[in-house]
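Given next are the chains, with one letter for each unit.
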Amino acid sequence: MDLPFEQEVNPFVEQAFEHKSFFTRLHHFVLTSDAFVVVPGGIGTVLELMMIWQLLQVRHVHDTPLILVGKMWADLVEWARTHLLNSQPPLANPEDLTIPRCVNTADEAIALIRESHAMWRAQQLQT
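A brief look at the structure comes next.

**Focus on helix α4 (residues 106–126)**
With 21 residues, α4 should cover 30 Å at 1.5 Å per step; its first-to-last C-alpha distance of 30 Å lies within 8% of that length. Residues of α4 that are buried: A109, L112 and S116. On an axial view of α4, the arc spanned by its buried residues comes to 65 degrees, and they lie on one face. The exposed set on the far side of α4, more than 90 degrees from its buried face, consists of D107, R114 and L125.

Put into structure tokens, the structure is as follows:
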């Protein structure tokens, strides 16, 4: 995204893609991702997290882990559990709240990615 107040491309990035809208940027992420790992961030991060969560909820994206790294995310998932499940009528299903996996460290996120990859490989060998 070309925003005048944002930083330049990270010097470690080997290939950068420019997008004119947030939607096309997120769409590109979705198409090219085998896992979604979300670290602490601001409102844009929360927006992208919620869009990914919804795509997984309605099964437009399949078998792709959504991993939330850091203590702030457990509070968000708990907020959703409290307010979305306890309203009348409920605004989500209990299984919707199991989609994101909250972990505290990068090592825990890597372990979940490896677990997901191993399950994918096992499925590929069966077909």
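**Description of the pairing of strand β2 (residues 66–69)**
Because side chains alternate across β2, one face comprises the buried residues L66 and L68, and the other comprises I67 and V69, equally buried. Following the backbone out of strand β1 (residues 36–38), through helix α2 (residues 43–57) and into the adjacent parallel β2, one traces a crossover that is right-handed. Bridge analysis of β2 against strand β3 (residues 100–103) gives four bridges, and the strand direction is parallel. Each bridged residue has a counterpart across the sheet, and for L68 the counterpart in β3 is C102. Remark: the β2/helix α3 (residues 71–85)/β3 crossover connection has right-handed handedness.

Rules of the game
Starting from 1, residues in each chain are numbered consecutively following that chain's sequence as written. Residue-level local features of this predicted model are given only where pLDDT is at least 70; pairs of side-chain atoms are given and counted only at 80 or more, and the full residue set underlies all totals for whole chains, interfaces and linings. Hydrogen atoms and water are omitted, and side-chain values are computed over all heavy atoms in the structure. Numbering of helices and strands runs from the N terminus, with a helix taken as a DSSP run of H or I at least four residues long and a strand as a DSSP run of E at least two residues long. Any helix carries an expected span of 1.5 Å times its number of residues minus one. Here the term buried applies to any residue with accessible area under 20% of the maximum for its type, exposed to any over 50%, and partly exposed to those in between, with areas from a 1.4 Å probe on protein chains only. When we speak of the arc, we mean the arc of directions from the helix axis to the C-beta atoms. Classification remark: right-handed applies to a crossover when, strands pointing away from the viewer, the course from the first strand over the helix to the second runs clockwise. We call two strands paired when DSSP finds no fewer than two bridges between them.

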